[in-house]
Amino acid sequence: MQSSTEVNWQAIREDFPILHQQVHGKPLIYFDSAASSQKPRAVLDALRHYYEHDHANVHRGLHVLSTRATEAYEAARAKVAKYLNAASVDEIIFTRGTTEGINLVANTWGVRFLREGDVILLTEMEHHSNLVPWQMLAERTGARLRFVPVRTDGTLEMGALDSLLTSEVKLFAFTHISNSLGTINPVADLCRAARSVGAVSLVDAAQSAGHVPIDVQEMGCDFLAFSGHKMCGPTGIGALYGRAELLDAMPPWHGGGEMILSVTYEGSTFKKAPGKFEAGTPNIADAIGLGAAIDYIENIGREAIFQHDAELAAYAHRRLEELPGVRVLGPSERAGLVGFVMEAAHPHDLTTYADQYGLALRGGHHCNQPLMRKFRLPGTNRASFYFYNTAAEIDRMIEILENAVRFFA
Ligand SMILES: Cc1ncc(COP(=O)(O)O)c(C=O)c1O
């Protein structure tokens, strides 16, 4: 394991062709990796290699290309399993991303096991992806939603758990890292609390999978969903981890080819997981690309990545607080992103202003509308960092924002 100081971050930055360009005549500063990260050459090469040499449909073919494609696709699944320390590769289902993973659980486990009067416990900081599917499920089943409150400092009101986690709670779903506040939730504690009342736990790892070591067995979660595109992988691919026992008990979601054992005109029998949940031709190329992204990240090490990004975020936090009329949200112990508001500028206006100087920020509600409403904000600005960002880029951001304070005043 290497520490952050042992990594040659500058050399790593060179692996990302997209970063070396000008935007509006200025060097690009990409501070929007929480929305989607950039891709290293190794991932782009893996995609190109697959299409140039190995592409065919998987699983059904008895020819060389199909065998190669199948082996590469299944090897990618094994990489995901190892990356999360799942007990078995069969616990990994490829999905389009976090959103699809959560919807899969809602539409299979949720529809089979939730009844009227049951409770789905969430937190007030959930991304719409980990809220709307549960609202839809509640509507369908008669279940109710409850929320663990978020305190003004952006952390969870852990003291409220005792009264919220009653025996009616059948599912507790929460984010590992907040996409708007940068809060790192105590996920293992939350999973343990869920288990203590017999509830199933689901971790939204969209903001953590590419940033911190994850061990699903140690964490003790039942489900965990993440997206490849936020961790150097291609868009349109992600994975859902599900504990084998739960996956076995769940009905399939989508029906079609690949997921069946036998079909008659009258009915069908289904494969075991993960095949049962992967109907149709899968996203072979991007799964292979995700495998390449995992190799790339593992080569650096998630401990070092986390340390690097958290240091950038702490530095940005400090510098942003020096600016008049700028307020930083979220706790001081944070992951690699900083949410802030500039009194004089609407988040959209500030984002457009920053873009003129080559600075890619995000501004808006960040798919956290209820949380923004709770904090009485129209939205926030967010600078999110990854291991290819530098402190010099933060200095440049501060210069741009200093000018923005004057401009909007
Ligand atoms: C915390 C969190 N959950 C879920 C998602 C949804 O991810 P995707 O759009 O890749 O499915 C995001 C995306 O920003 C996120 O930040």
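1. Some remarks on the site of the ligand
Part 1 of the argument: Taken together, Thr 98, Thr 99, His 127, Ser 129, Thr 175, Asn 179, Asp 204, Ala 206, Gln 207, Ser 227, His 229 and Lys 230 are the residues near the ligand.
Part 2 of the argument: The side chain of His 127 places a nitrogen or oxygen atom 3.4 Å from an oxygen atom of the ligand.
Part 3 of the argument: Within the side chain of Gln 207, a nitrogen or oxygen atom sits 2.7 Å from an oxygen atom of the ligand.
Part 4 of the argument: When the free accessible area of the ligand is taken as 390 Å², the share hidden by the protein chains comes to 85%.
Part 5 of the argument: Residues belonging to the shell around the ligand are distributed by class as follows: 1 nonpolar, 9 polar and 2 charged.

2. Looking at the nonpolar core
Part 1 of the argument: By size, the foremost hydrophobic cluster in this structure holds 79 residues, and its most contacted members are Leu 84, Leu 224, Phe 226 and Phe 387.
Part 2 of the argument: By residue number, the principal contributor to this core is helix H10 (residues 284-300), which donates 11 residues.
Part 3 of the argument: Excluding residues that lie within four positions of it along the chain, Leu 224 makes contacts with Leu 84, Val 203, Ala 205, Ile 214, Val 216, Met 219, Ala 239, Leu 240 and Tyr 241.

3. Description of the pairing of strand S17 (residues 380-384)
Part 1 of the argument: Judged by how many residues are buried, S17 sits mostly within the fold: 5 of 5 residues are covered.
Part 2 of the argument: Neither face of S17 is exposed, since Thr 380, Arg 382 and Ser 384 on one face and Asn 381 and Ala 383 on the opposite face are all buried.
Part 3 of the argument: Of the strand pairs in this sheet, strand S14 (residues 337-342) and S17 are connected by 4 bridges, and their pairing is antiparallel. When the sheet's bridge partners are listed, Val 338 is paired in S17 with Ala 383.

4. Observations regarding the sheet that holds S17
Part 1 of the argument: Strand order in this open sheet of 4 strands is S13-S14-S17-S16, and the pairing throughout is antiparallel. Because the sheet does not close on itself, it has two edges, and the strands there are strand S13 (326-329) and strand S16 (362-364). Averaged over neighbouring strand pairs, the angle between their axes works out to 30° when direction is ignored.
Part 2 of the argument: Lying on the sheet, helix H12 (residues 347-355) is in contact with S14, S16 and S17; it crosses S16 at an angle near 160°.
Part 3 of the argument: Packed onto the sheet, helix H14 (residues 391-408) meets S13, S14 and S17 and runs at close to 15° relative to S14.

What counts and what doesn't
- Along every chain, residues carry numbers that run from 1 in the direction the sequence is written.
- Where totals are concerned, whole chains, interfaces and linings use all residues; where local detail is concerned, this predicted model gives features only for residues with pLDDT of at least 70, and gives and counts side-chain atom pairs only at 80 or more.
- Side-chain calculation: all heavy atoms of the structure are included, whereas hydrogens and water are not.
- One heavy atom suffices: a residue is near a molecule or strand as soon as one of its heavy atoms comes within 4 Å of it.
- We call two N or O atoms a polar contact when they sit within 3.5 Å, provided that within protein one can donate a hydrogen and the other can accept it, with sequence-adjacent residues counted only if both atoms are side-chain atoms.
- Computed with a 1.4 Å probe, the accessible areas rest on the Shrake-Rupley method; for each residue, only the protein chains presented here act as cover.
- For this scheme, ten residues count as nonpolar: Ala, Val, Leu, Ile, Met, Phe, Trp, Tyr, Cys and Pro. Four count as charged, namely Asp, Glu, Lys and Arg, and the remainder, Gly too, count as polar.
- Here the nonpolar core consists of buried residues drawn from Ala, Val, Leu, Ile, Met, Phe, Trp, Tyr and Cys, with membership extended through side-chain atoms lying within 4.5 Å.
- Per-residue accessibility, obtained with a 1.4 Å probe over protein chains only, is compared with the maximum for each type, and a residue is labelled buried under 20%, exposed over 50%, and partly exposed between these values.
- Working definition: helices are DSSP H or I runs of at least four residues, strands are E runs of at least two. Numbering for both runs from the N terminus.
- A contact between two residues is defined here by any heavy atoms of the two lying within 4.5 Å.
- For two strands to pair, DSSP has to find at least two bridges joining them.
- Only the contacting stretch of a helix is used when fitting its axis, a line to C-alpha atoms as for every element, and angles between N-to-C directions run 0 to 180 degrees.

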